[in-house]
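Below are the chains, spelled out letter by letter.
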Amino acid sequence: MNSELQCESKTMSELPLRLQRLTDLLSEMEIDAMLVTDEINVRYLTGFTGDSSSLVVAADGTTILSDGRYTAQIADECCGIQTMIRTSSQLLPDLTMAALRDLGLKRVGIEADKITLADFQFLSTGCDGIEFVSKMGVVERLRMIKEEAEITA
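Read on for an overview of the structure.

## Some thoughts on the pairing of strand β2 (residues 33–36)
Okay, so step 1: The alternating pattern of β2 places A33 and L35 and M34 and V36 on opposite faces, both of which are buried.
Okay, so step 2: Relative to strand β3 (residues 54–58), β2 is paired through four bridges, and the arrangement is antiparallel. Of the residues in β3, the one forming a bridge with V36 is L55.
Okay, so step 3: Bridge analysis of β2 against strand β6 (residues 107–110) gives three bridges, and the strand direction is parallel. Paired with L35 across the two strands is I110, which belongs to β6.

See the structure below:
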C-alpha cells in the first residue's frame, strides 16, 4: 500500500524544518537519500510515536515504512509524509528493499551503527545498483541543535 497521508491539522509545526534540515544535507553528503532505521531518529524527524518503522529521506520527499498496525497513527502524526505499509507476508527489510529500488536511488546513506549486519547484507544483496554509504550520527547531530519549542519546553 502506497499513499500520501493528509492531516486535518499539523500537530508539530517543527516537523518540516527537521526534515528539511536533513534533506538539505543530502547533496553535501553526496547521497541521494538517507535511510533512517533508528526509532528515536524516526520519531525526531516525523513525530511518529510507533515502532517497527524506518524512514527514507530523499530530495524529492520522505517516505515512512511501517506496517498496518500504524496506518491511522501515521495519518495523525506524520502530515504530508509519503507512506508504504508492508503486507502481512513482508518483513520490514523486504519493504525497505522494495522502496529503495522503486525510488531509483544510486547512493543511500545508512545509520551504520543502528542497522544490523543481517539487514545490511540483505539490502546490499537485494539492491543491485545501490551503493550504501555509512553516515553515522547525522540525525544525532541535527538533534543537538535545539529549536524554539524545545528550548521553551
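## Brief notes about the nonpolar core
Okay, so step 1: Counting residues in hydrophobic clusters, the biggest one holds 23 residues, and the most contacted among them are L22, V36, L45, L55 and I64.
Okay, so step 2: Among the secondary structure elements, those contributing two or more residues to this core are α1 (15–25), β2, α2 (39–46), β3 and α6 (138–144).
Okay, so step 3: With near-sequence residues (within four places) excluded, I64 lies in contact with V42, F48, S53, S54, L55, I74, C78, I81, Q82, T83 and M84.
Okay, so step 4: One finds L35, V108, C127 and F132 within the second-largest nonpolar core, a separate group that totals 19 residues.

## Examining the pattern of salt bridges
Okay, so step 1: Summed over the entire model, instances satisfying the criterion amount to four salt bridges.
Okay, so step 2: A salt bridge links R107 to E131, with the shortest nitrogen-to-oxygen separation between them at 3.0 Å. Placement of the pair is R107 in strand β6 and E131 in strand β7 (residues 131–134), with a sequence separation of 24 residues.
Okay, so step 3: We classify E131 as partly exposed; its relative accessible area is 41%.
Okay, so step 4: The partner of E140 in a salt bridge is K114, and the shortest N-O contact between them spans 3.7 Å. Of the two residues, E140 is situated in helix α6 and K114 in the loop between β6 and α5 (117–126); the sequence distance between them amounts to 26 residues.

## Some words on the packing of aromatic side chains
Okay, so step 1: Applying the stated criterion across every chain yields a total of two aromatic pairs.
Okay, so step 2: Note on F48 and Y70: the rings are 5.4 Å apart at their centroids and 85° apart in plane angle, and the pair reads as edge-to-face. In this pair, F48 sits in the loop between α2 and β3 while Y70 sits in the loop between β4 (61–67) and α3 (71–77), placing the two residues 22 residues apart along the sequence.
Okay, so step 3: Here F48 falls in the buried class, since its relative accessible area comes to 1%.
Okay, so step 4: Residue classification places Y70 among the buried positions, given a relative accessible area of 11%.
Okay, so step 5: Between F120 and F132, the ring centres sit 6.1 Å apart and the planes meet at 75°, which makes this aromatic pair edge-to-face. Placement of F120 in helix α5 and of F132 in strand β7 is noted, with a sequence separation of 12 residues between them.
Okay, so step 6: The class of F120 is partly exposed, set by a relative accessible area of 29%.

About the cut-offs
- Residues numbered from 1 in each chain as written.
- Predicted model: local features only at pLDDT ≥ 70, side-chain atom pairs only at ≥ 80, totals over all residues.
- Heavy atoms only, no water.
- Buried < 20%, exposed > 50% of the residue type's maximum accessible area, 1.4 Å probe, protein only.
- Helix = DSSP H or I, 4+ residues; strand = E, 2+ residues; numbered from the N terminus.
- Pairing = 2+ DSSP bridges.
- Core = buried A, V, L, I, M, F, W, Y, C linked by side-chain atoms within 4.5 Å.
- Contact = heavy atoms within 4.5 Å.
- Salt bridge = Lys/Arg side-chain N within 4 Å of Asp/Glu carboxyl O.
- Phe/Tyr/Trp six-rings, centres within 6.5 Å; stacked < 30°, edge-to-face > 60°.

Coordinates in, geometry out; function isn't part of it.
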